[in-house]
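Coordinates in review
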Amino acid sequence: MATILVTGGTGTLGRSLVDRLLEDGHEVRSLSRRPHTGRERPGLRVHAVDLRDGTGLAEAVAGADAIVHCASAPSGGDTEAAGRLIDAARAAAVPHLVYISIVGVDRVPLRYYRSKRAVEQLIEDSGLGWSVLRTTQFHDLVLALVKGGARSPVLPVPVGVRVQPVAVTEVAARLAGLAAGAPAGRVTDLGGPEVLAAGDLVRATLEAGGRRRLLAPLWLPGRTFGALRRGGNLTPEHADGRQTYAEFLAERAAAGNVAGNAR
């Protein structure tokens, strides 16, 4: 049994990872920006720490056997937050820092991807024991994007873009295994079991929700979408995920929670 700190512990991945670590018998500290009292369970301690200023971070980190850094903000600030976390981990002599990154951060010139790659570099140069896992997009992200687009009667679909969605529970399982082990450096990428065209994903999502939308093919210029059309976001050689997007949708539809149900 280890003591493992999870940053972003209330996020989509963080919640799943906390659950998995508790199931595996670890002592878990869940760190998130806002207080989340009432979520305490046997083996779980919660910490309200904002990595933007680091208040309370030293206490949360002290005595941890590993940190899994899941917290991320597409709006910016990830490198500064990671720097504070690394400083706290060094001061507390935490032996292992695990980071979740994204397949294609070194190939797709999105600002958010560049930020994720910069955090990878900070961790690699930190002097700490480290492991970095890159994965493809979560099923949940694809669903959220389609759900947002489905608010309009016309839904644009980027031409030539493919996605390889993966189950967040499978990512959590891989991270839990890494956190419980020795630092491994950059580990094998984790991709979903299928590479699917964006249009096919949108149609499947709408069909699962029993909704219809007019799909408008959209050719998007620029380096970013050129990289996506070349498959910079994919890792077909590591299609190790098991749950397909169709299976994910069926699971969500059974719970009445798919994009098409949002009016």
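Residues numbered from 1 in each chain as written. Predicted model: local features only at pLDDT ≥ 70, side-chain atom pairs only at ≥ 80, totals over all residues. Heavy atoms only, no water.

As a further point, take the overall build of the protein. Looking only at helices and strands, the protein features nine helices and eleven strands. Its C-alpha atoms give the protein principal-axis dimensions of roughly 55 × 40 × 30 Å. Residues counted as buried form 49% of the 263 residues belonging to the protein. Sequence-distant contacts in the protein: of pairs separated by 6 or more residues, those separated by 24 or more amount to 77%. Counting only carbon and sulfur atoms, one obtains 52% of the accessible surface of the protein, whose full area is about 12100 Å². For the protein, the separation between the mean place of its 32 positive charges and that of its 26 negative charges on side chains is 8 Å. (Helix = DSSP H or I, 4+ residues; strand = E, 2+ residues; numbered from the N terminus. Buried < 20%, exposed > 50% of the residue type's maximum accessible area, 1.4 Å probe, protein only. Contact = heavy atoms within 4.5 Å. Areas by Shrake-Rupley, 256 points an atom, 1.4 Å probe, with all protein chains shown as cover. Lys, Arg positive; Asp, Glu negative; His and termini not counted. Charge placed at Lys NZ, Arg CZ, Asp CG, Glu CD.)

Regular strands have side chains that alternate between both faces of the sheet. Residues Leu155 and Val157 of strand β7 (residues 154-158) are buried on one face, while the alternating residues Val154, Pro156 and Pro158, pointing to the opposite face, are not. In this sheet, strand β11 (residues 214-218) lies alongside β7 in parallel orientation, the contact comprising five bridges. Looking at β11, one finds that Val157 is bridged to Pro217. (Pairing = 2+ DSSP bridges.)

Bringing the sheet that holds strand β4 (residues 66-69) into the picture now. Spatial strand order, β3-β2-β1-β4-β5-β6-β9: seven strands in an open sheet with parallel pairing. Two strands lie at the open edges of the sheet, namely β3 (44-48) and β9 (185-186), each paired on one side alone. Where strand β1 (residues 3-7) and strand β2 (residues 27-32) come together, five bridges link them in parallel fashion. Considered in β2, the bridge of Thr3 is made with Glu27. Of the strands in this sheet, β1, β4 and β5 (97-102) touch helix α3 (residues 78-91), which is tilted by about 175° from β4. (Axes fitted to C-alpha atoms, helices over the stretch in contact; angles between N-to-C directions.)

Here the focus is the packing of aromatic side chains. Applying the stated rule across the entire model yields one aromatic pair. Of note, Arg229 hangs over the ring of Trp219, and the distance from its end group to the ring centre comes to 3.8 Å. (Phe/Tyr/Trp six-rings, centres within 6.5 Å; stacked < 30°, edge-to-face > 60°. Lys NZ or Arg CZ within 6 Å of the ring centre and 35° of its normal.)

What follows is about a positive patch on the surface. A cluster of basic residues, Arg111, Arg114, Arg223 and Arg230, forms a positive patch at the surface. Inspection of the secondary structure puts Arg111 in helix α4 (residues 111-124). According to the relative accessible area criterion, Arg111 is exposed, its value standing at 58%. (Patch = residues over 30% accessible without salt bridge, like charges linked within 9 Å, V, L, I, M, F, W, Y side chains within 5 Å. Salt bridge = Lys/Arg side-chain N within 4 Å of Asp/Glu carboxyl O.)

The subject of this paragraph is the pattern of salt bridges. A complete count under the given rule lists 13 salt bridges for this structure. When the shortest N-O distance is used, the salt bridge between Arg41 and Asp19 registers 3.0 Å. Here Arg41, found in the loop between β2 and β3, pairs with Asp19, found in helix α1 (residues 12-23); they are 22 residues apart in sequence, far enough to count as distant. With a closest N to O distance of 2.7 Å, Arg52 and Asp50 form a salt bridge. You can call Asp50 buried: its relative accessible area is 16%.

The next point concerns helix α5 (residues 139-149). All of the buried residues along α5 are His139, Val142, Leu143 and Val146. Within α5, the buried residues cover an arc of 100° as seen down the axis, which keeps them to one side. On its buried face, α5 is in contact with β7, β8 (162-163), α7 (198-208) and α9 (245-254). (Arc of directions from axis to C-beta.)

A few words on the layout of surface pockets. Taken as a whole, the second largest pocket encloses approximately 190 Å³ of empty space. Lining the second largest pocket are Thr12, Arg15, Ser16, His139, Asp140, Ala167, Val168, Thr169, Gln243, Phe248, Glu251 and Arg252. Mapped onto the lining of the second largest pocket, the elements with two or more residues apiece are α1, α5, α6 (168-180) and α9. Residues of the lining of the second largest pocket, tallied by class, amount to three nonpolar, five polar and four charged. (1 Å grid on protein atoms, 1.4 Å probe; cavity = no way out; pocket = protein on both sides within 12 Å on 5 of 7 lines; lining within 4 Å. Points joined across faces, edges and corners; volume = space filled by probe spheres on them. Nonpolar A, V, L, I, M, F, W, Y, C, P; charged D, E, K, R; others polar.)

Let's shift gears to α6. Look at α6: 18 Å from first C-alpha to last across 13 residues, which is about the 18 Å you get at 1.5 Å a residue. Within α6, burial applies to Val168, Glu170, Val171, Ala172, Leu175, Ala176, Leu178 and Ala179. Where α6 is buried, its residues touch β1, α1, β4, β5, β6 (130-135) and α5. (Expected span 1.5 Å × (residues − 1).)

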